[in-house]
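So the chains spell out like this:
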Amino acid sequence: MTIKKVSVIGLGYIGLPTAALIASRGMSVVGVEVKQETVDIINAGKIHIVEPDLDIVVRSVVSMGHLRAVTVAEPADAFMVAVPTPFVHSDDDSHEPDLHYIKSAAKMIGPVLEKGNLVILESTSPVGTTEKLAAWLAAERPDLSFPQEKGDAADIKVAHCPERVLPGYVLQELVSNDRVIGGLSKACSDKAVELYKTFVKGECIVTHARTAEMSKLTENSFRDVNIAFANELSIICDKLKINVWELIRLANRHPRVNILNPGPGVGGHCIAVDPWFIVDSCPDEAKLIHQARLINDHKPHYVIKQIVHAADEFKRPVIACLGLSFKADIDDLRESPALQIVEQLAAKKLGRLIAVEPNIKSLPTNLTSAGVEFATIENALEVANVVVVLVDHKEFKDTDSTLFATKVVIDTRGVL
Ligand code: SAJ
């Protein structure tokens, strides 16, 4: 049976662009989202997240009737699950993955499943989650057969195909990136490849579901370990009075060395999260991966110490923090080390604290009520005596460097 109608469960940063892209290929797509407000926004042809060009694609596919959003699942040929996989809330630092959104998705899809359907897990998941999803679906529908028991002959096909797109480049990377596809049987993988081939120009590489799950976690852990190495070097270089940016540039001249950039810490919802899924499954074995997380999580505290030390030099310190988002040229403040640093500085009440963030219109209310001022870079540089570069936004790179000449500068991103 060819796939004509696709249902995407979860219309967030991954689900919505995926749904819109598939719809733009002329397929009928239904997005299932628990938040009524999000459903209404999308059905009005608008979007609730920031991602370049996504508004144009969504407006077009909704107006053509190829994409529609609903709150309750309906029958389809294929279901793609793109829901969050956060940590279980706990008072200790356990970082246990929380799979309840995936379980809810299984409960949602279960009643509308039909023989011949394909279910794909796109959410970044700990190893073994695709098998769990298949078991939750089987519990919902004892009348259907699933690949964990019937292999290739099963009524329902289940596969994992982790998303790997970079925020800010999602629409391009959804098409151009290679996809790792791990079915619970060969027939599951083949069916999933058939779907991805309709919109992916990259290669679709088939493996086992567990390897596909681990592959996604490995990609983000590799990046985290590399950034931790850079962050550790930055602290060593401060002690040895060496410019870490020059050092890394020189080392990277070696044909087999490629060190990433140090920063104020690692933020976002992926690199700072996914390595913990490996640590949680193999706490005794994942020593380096665990240590990298600790090093990157410690970096904001190191930067705060540097700022406190610099502010100590002034009777009335005026501290300007440049950037609040978790990385350059985006407006996303969630899990941002820059935001964490400004929040903790505000609590210390060292003097005037000014935040500059060209990608947002106003400061989060917790910062405003803590007395943090919001300013343009020009206004902040006029009055500040301590300037901290926390994000490498293009507006900061384009600023005349002589304006920093009389300031004490802490440049965590090597912008200057
Ligand atoms: N960062 C540094 N130094 C660097 C690079 C990044 O400090 O040299 C920091 C950033 O400032 C940011 C954090 O790391 O705070 C994460 O940013 P990022 O650009 O490395 O990655 P994300 O979280 O936006 O997206 C990652 C991507 N994974 C990889 O590049 C291996 C993306 O392809 C994944 O799809 C995404 O995670 C995801 O959804 O898992």
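None of these values were measured; they are calculated from a predicted model.

Parameters at a glance
Residues numbered from 1 in each chain as written. Predicted model: local features only at pLDDT ≥ 70, side-chain atom pairs only at ≥ 80, totals over all residues. Heavy atoms only, no water. Pairing = 2+ DSSP bridges. Helix = DSSP H or I, 4+ residues; strand = E, 2+ residues; numbered from the N terminus. Axes fitted to C-alpha atoms, helices over the stretch in contact; angles between N-to-C directions. Salt bridge = Lys/Arg side-chain N within 4 Å of Asp/Glu carboxyl O. Buried < 20%, exposed > 50% of the residue type's maximum accessible area, 1.4 Å probe, protein only. Phe/Tyr/Trp six-rings, centres within 6.5 Å; stacked < 30°, edge-to-face > 60°. Near = heavy atom within 4 Å. Polar contact = N/O pair within 3.5 Å; in protein donor to acceptor, adjacent residues only side chain to side chain. Areas by Shrake-Rupley, 256 points an atom, 1.4 Å probe, with all protein chains shown as cover. Domains from an automatic or database assignment. Core = buried A, V, L, I, M, F, W, Y, C linked by side-chain atoms within 4.5 Å. Contact = heavy atoms within 4.5 Å. 1 Å grid on protein atoms, 1.4 Å probe; cavity = no way out; pocket = protein on both sides within 12 Å on 5 of 7 lines; lining within 4 Å. Points joined across faces, edges and corners; volume = space filled by probe spheres on them. Nonpolar A, V, L, I, M, F, W, Y, C, P; charged D, E, K, R; others polar.

Caption draft 1: How the structure looks around the sheet that holds strand β5 (residues 118-121). Taken together, eight strands build an open sheet; the order of strands is β3-β2-β1-β4-β5-β6-β7-β8 and the sheet is mixed. At either margin of the open sheet sits one strand with a lone partner, and together these are β3 (67-70) and β8 (204-208). Across the sheet, the mean angle separating the axes of adjacent strands is 25° when strand polarity is ignored. Note: strand β6 (residues 157-160) against strand β7 (residues 179-183), two bridges, orientation antiparallel. Considered in β7, the bridge of H160 is made with G182.

Caption draft 2: View of the pattern of salt bridges. In this structure the tally under the stated criterion is 16 salt bridges. The residue D143 makes a salt bridge to R141 at a minimum N-O spacing of 2.9 Å. We classify D143 as exposed; its relative accessible area is 52%. Two residues, R164 and E219, come together in a salt bridge whose shortest N-O distance is 2.6 Å. On the criterion of sequence distance, the pair formed by R164 in the loop between β6 and α7 (170-176) and E219 in helix α9 (residues 209-240) is long-range, its members being 55 residues apart. What makes R164 partly exposed here is its relative accessible area of 27%. Residue classification places E219 among the partly exposed residues on the basis of a relative accessible area of 26%. It is possible to trace a salt-bridge network through shared partners that takes in K5, R68 and E74.

Caption draft 3: Inspection of the packing of aromatic side chains at higher detail. Applying the stated rule across the entire model yields two aromatic pairs. With a centroid separation of 6.1 Å and 90° between ring planes, the pair formed by F87 and F277 is classed as edge-to-face. Note that F87 is positioned in the loop between β4 (78-81) and α4 (100-109) and F277 in helix α11 (residues 274-281), a separation of 190 residues in sequence. Where Y196 meets F199, the ring centres are 5.5 Å apart and the plane angle is 45°; that geometry is what we call tilted. Considered together, Y196 and F199 belong to a single accessibility category, that of buried residues.

Caption draft 4: The site of the ligand, seen in detail. Around the ligand, a shell composed of 20 residues is seen, among which E163, V165, K216, R223 and F326 lie nearest. The separation between an oxygen atom of the ligand and a polar side-chain atom of R223 is 2.5 Å. Taking R413, its side chain carries an N or O atom lying 2.8 Å from an oxygen atom of the ligand. Coverage of the ligand by the protein chains reaches 90% of its 770 Å² of free accessible surface. It is α9 that provides the largest number of residues to the shell around the ligand, a total of five residues. Split by domain, the shell around the ligand shows at least three residues from each of two domains, domain 1 (5-211) and domain 2 (218-411).

Caption draft 5: Seen up close, the sheet that holds strand β9 (residues 318-322). Across the sheet, five strands lie side by side as β11-β10-β9-β12-β13; this open sheet has parallel pairing. Each of the sheet's edge strands pairs with one partner strand only, and the pair in question is β11 (373-374) and β13 (408-411). As paired elements, β9 and strand β12 (residues 386-389) share four bridges and run parallel to each other. Residue C321 lies in a different strand from β12, and its bridge partner there is V388.

Caption draft 6: Layout of the nonpolar core. Ranked by internal contacts, the top residues of the largest apolar core, which has 42 residues, are V6, L16, I42, L67, M80, L195 and Y196. Counting residues per element, this core draws most heavily on helix α1 (residues 15-24), which supplies six residues. Sequence-distant contacts of V6, defined by excluding residues within four places in its chain, comprise I22, M27, S28, V29, V30, A76, A78, M80 and L195. Counting residues in hydrophobic clusters, the runner-up holds 26 residues, among them V303, I319, L324 and A355.

Caption draft 7: Seen up close, the pairing of β6. Alternating residues of β6 divide into K157 and A159 and V158 and H160, and every residue in both groups is buried. Two strands pair when backbone bridges link them, and β5 and β6 are joined in this way by four bridges, in the parallel orientation. When the bridges of β6 are listed, I120 appears paired with A159.

Caption draft 8: Here's a closer look at the layout of surface pockets. Here the second largest pocket is characterised by a volume of approximately 310 Å³. Around the second largest pocket sit 17 residues that line it, and D238, V244, W245, Q306 and D411 are the ones nearest its centre. Of all the elements in the fold, those that place two or more residues in the lining of the second largest pocket are α9, α10 (244-251), α12 (287-311) and β13. Residue contributions to the lining of the second largest pocket peak at four residues, all from α12. Its residues assigned to classes, the lining of the second largest pocket comprises nine nonpolar, five polar and three charged.

Read these as spatial facts, not as claims about activity.
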